[in-house]
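# Observations on chain architecture
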Amino acid sequence: MFDKLEDLRIRLDEILNELQEPDVANDQNRFRKLMKEQNDLTPIVEAYNEYKECKQAIEDSLEMLEEESDEEMRELAKEELNDNKKRVEELEQELKILLLPKDPNDEKNVIVEIRAGAGGDEAALFAAEIYRMYMHYAESQRWKVELVECEEIGIGGMKNVTFMIDGKGAYSKMKYESGVHRVQRVPETESGGRIHTSTITVAVMPEAEDVDIQIDEKDIRIDVMRASGNGGQCVNTTDSAVRLTHYPTGIVIYSQTEKSQLQNKDKAFALLRAKLYDLECQKRHDAEAEARKSQIGTGDRSEKIRTYNFPQGRVTDHRIGLTLYKLDKIMNGDIQEIIDACIAADQAAKLANMNEEM
């Protein structure tokens, strides 16, 4: 591990020297690439430098204990020795986590699909509530959200909704939301007071660029039509809605949230790219089944990940065994504690896997 850290320290010095060269600033692609690499390496090298300083401080304290006869100075050296030994242990763990392989999609924007599952109208109402929960969470992260597609039912529910989140590290946090979310509560229409169970499915996909996925125009059929459902003044009177059909996969995308046909087309293609990229990622994950088992939040879309129990005011994440009794706050977007716990569990599983391989 320490040989690798030394190599990374040398590489960071090389990058800092390169960034001083005049021709680098003129080459924007090279400049961005170097800046990203610098940002990735800096926290690792800073932790490594602190680790080396602590190791040196331990040696100095041990030397002082051997040579010093003054009791007060010896006590001070012992105190510093214990503090630095503790810090070295913490830094070793931090460095292991920093050296874990990064998910190449973590910094990407995301496209989220929420679909009502079992439970009819109650599932659609819950889908709308989870959509609002993510809106509040995105707002707390200062992310930008754009609606792509939405199929509503008359009582305020959503059969399905698709939206894009534009924000730094959006995928690194939102990827843990993929899977089946289950709600247990008494519906307003239930006169007998019986608790019903309904489900929705959430799919979180990294936004794909043209370089990530190539789409052959011959594989696409583009249809334009008038938008349906509730809309603004122009939405239902012009052929602004766009439907894409991808022949090789059978994927159909429909976008009608914008007044402009061009904007709807751009959104539809962004969603299609994300879906095709997601299919490629799933294939890779299946090919690396053993590695995938050690990860949290990259499992099968049919996996039940969380239960929201309204009568008891609790939320349980089944993957990590976490139960929180603050349902109201969570439904208002306060999901950071759950996401942090998923990240910690994911890192712990990967570290255990890494230790087995060493």
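This text gives an overview of the structure that appears in the document. (Residues numbered from 1 in each chain as written. Predicted model: local features only at pLDDT ≥ 70, side-chain atom pairs only at ≥ 80, totals over all residues. Heavy atoms only, no water.)

## Let's talk about the sheet that holds strand β9 (residues 304–309)
As a reminder, the rule being used: Should DSSP find at least two bridges between two strands, the strands are taken to pair. Only DSSP runs of H or I covering at least 4 residues are called helices, and only runs of E covering at least 2 are called strands; the numbering of each starts at the N terminus. Comment: axis = line fitted to C-alpha atoms, over the contacting stretch for helices; angle = value between 0 and 180 degrees taken between N-to-C directions.
Spatially, eight strands are ordered β2-β3-β1-β5-β4-β9-β10-β11 in an open sheet, and the strand pairing comes out mixed. Of all strands in the sheet, those with a lone pairing partner are β2 (144–152) and β11 (322–324), marking the two edges. Direction aside, the axes of adjacent strands within the sheet are offset by 15° on average. Looking at chain direction, strand β4 (residues 179–185) and strand β5 (residues 196–206) are connected through seven bridges and run antiparallel. Bridge pairing links arginine 185 to histidine 196 in β5.

## Concerning the sheet that holds strand β7 (residues 241–246)
With respect to topology, three strands assemble into an open sheet ordered β6-β7-β8, the strand pairing being antiparallel. For this open sheet the edge positions go to β6 (220–225) and β8 (251–255), each flanked by a neighbour on one side alone. Neighbour to neighbour, the strand axes of the sheet diverge by 15° on average, direction disregarded. Two strands pair when backbone bridges link them, and β6 and β7 are joined in this way by six bridges, in the antiparallel orientation.

## Observations concerning the packing of helix α3 (residues 28–67) against helix α4 (residues 71–98)
This is how the line gets drawn: Each angle gets one of four labels, with under 35 degrees taken as roughly parallel, over 145 as roughly antiparallel, 65 to 115 as roughly perpendicular, and the rest as oblique. We call a crossing left-handed when the near helix sits turned anticlockwise from the far one by less than a right angle, and right-handed when that turn is clockwise.
For the pair α3 and α4, interaxial distance at closest approach is 8 Å and the crossing angle is 155°. Classified by the angle their axes make, α3 and α4 are roughly antiparallel. You can see that α3 and α4 cross each other, and the crossing is left-handed.

## Quick notes on α3
Keep this limit in mind: Here the expected span of a helix is defined as 1.5 Å times the quantity of residues minus one. Across the chain, bend at a residue is computed as the angle between axes fitted to the seven residues ending at that point and the seven starting from it. The buried label goes to any residue with under 20% of its type's maximum accessible area, the exposed label to any with over 50%, and the partly exposed label to all in between, with areas taken from a 1.4 Å probe on protein chains only. In what follows, residue pairs with any heavy atoms lying within 4.5 Å of each other are defined as contacts.
Here α3 contains 40 residues, and its C-alpha end-to-end distance of 57 Å stays within 8% of the 58 Å for a straight helix at 1.5 Å per residue. The sharpest bend along α3 reaches about 35° and sits at leucine 41, with the proline proline 43 one to four residues further on. Burial in α3 covers these residues: Leu34, Gln38, Leu41, Ile44, Val45, Ala47, Tyr48, Tyr51, Cys54, Ile58, Ser61 and Leu65. On its buried face, α3 sits against α1 (2–18), α2 (22–26) and α4.

## Details of a negative patch on the surface
Test applied: Every patch collects residues that have over 30% relative accessible area and no salt bridge, joining them within 9 Å if they carry like charges and within 5 Å if they are nonpolar side chains (Val, Leu, Ile, Met, Phe, Trp, Tyr). The Shrake-Rupley method, run with a 1.4 Å probe sphere, supplies the accessible areas, and residue values consider only the shown protein chains as cover. We define a salt bridge as a side-chain nitrogen of Lys or Arg found within 4 Å of a carboxyl oxygen belonging to Asp or Glu. His is not counted, nor are the chain ends; Lys and Arg add positive charge and Asp and Glu add negative charge. For the purpose of locating charges, the reference atoms are NZ of Lys, CZ of Arg, CG of Asp and CD of Glu.
Residues Glu59, Asp60, Glu63, Glu66 and Glu67 make up a contiguous surface patch of negative charge. Accessibility expressed as a relative area gives 62% for glutamate 67, which makes it exposed.

## Comments concerning α1
Keep this limit in mind: Throughout, the arc means that of the directions going from the helix axis to the C-beta atoms.
For α1, with 17 residues, the first-to-last C-alpha span of 24 Å sits near the 24 Å given by 1.5 Å per residue. Where α1 is concerned, the buried positions are Leu5, Leu8, Leu12, Ile15 and Glu18. An end-on view of α1 places all buried positions within 130° of arc, on one side of the element. Every exposed residue of α1 that faces more than 90 degrees away from the buried side is listed here: Asp3, Asp7 and Asn17. In this fold, the buried residues of α1 make contact with α2, α3 and α4.

## Structural notes on the pattern of salt bridges
Should the charged atoms of two oppositely charged side chains come close, the side chains can pair. Under the criterion given, the structure shown has 30 salt bridges. Each of the salt bridges in this network shares a partner with another, and the network as a whole consists of Arg11, Glu14, Glu18, Glu21, Asp23, Arg30 and Glu37.

## Side note on the nonpolar core
Cut-off, in case you're wondering: Residues belong to one nonpolar core when they are buried, are Ala, Val, Leu, Ile, Met, Phe, Trp, Tyr or Cys, and are joined through side-chain atoms within 4.5 Å.
Val112, Ile114, Ile130, Tyr134, Phe163, Met174 and Tyr308 are the most contacted members of the largest nonpolar core, which has 37 residues in total. Taken together, the elements giving at least two residues each to this core come down to β1 (110–116), α5 (121–140), β3 (158–166), α6 (170–174), β5, β11, α9 (327–331) and α10 (336–357). In terms of residue count, α5 provides more of this core than any other element does, ten residues in total. Setting aside anything within four residues of it in sequence, one finds isoleucine 114 in contact with Ala127, Ile130, Tyr131, Tyr134, Lys159, Asn160, Val161, Phe163, Ile200, Thr201 and Val202. Counting 22 residues, the second-largest nonpolar core is a separate cluster that includes Leu8, Val24, Ala47 and Cys54.

## Side note on the packing of α1 against α3
Between α1 and α3, the shortest axis-to-axis distance is 8 Å and the interhelical angle comes to 135°. What the angle tells us is that α1 and α3 run oblique. For the pair α1 and α3, the crossing hand works out as left-handed. Together, Phe2, Leu5, Glu6, Leu8, Arg9, Arg11, Leu12, Ile15, Leu16 and Glu18 of α1 and Arg30, Leu34, Glu37, Gln38, Leu41, Thr42, Ile44, Val45, Tyr48, Asn49, Tyr51 and Lys52 of α3 make up the contact between the two elements.

## Quick word on the environment of leucine 5
With respect to the helices, strands and loops of the structure, leucine 5 is situated in helix α1. For the pair leucine 5 and leucine 41, spaced 36 residues apart in sequence, the C-alpha to C-alpha distance is 9.8 Å. Ignoring any residue separated from it by four or fewer positions in sequence, one finds leucine 5 in contact with Ile44, Tyr48, Leu95 and Leu99.

## A short note on unusual backbone geometry
With phi around 60°, arginine 142 is a residue other than glycine that occupies positive phi space. Looking at the secondary structure, you find arginine 142 in the loop between α5 and β2.

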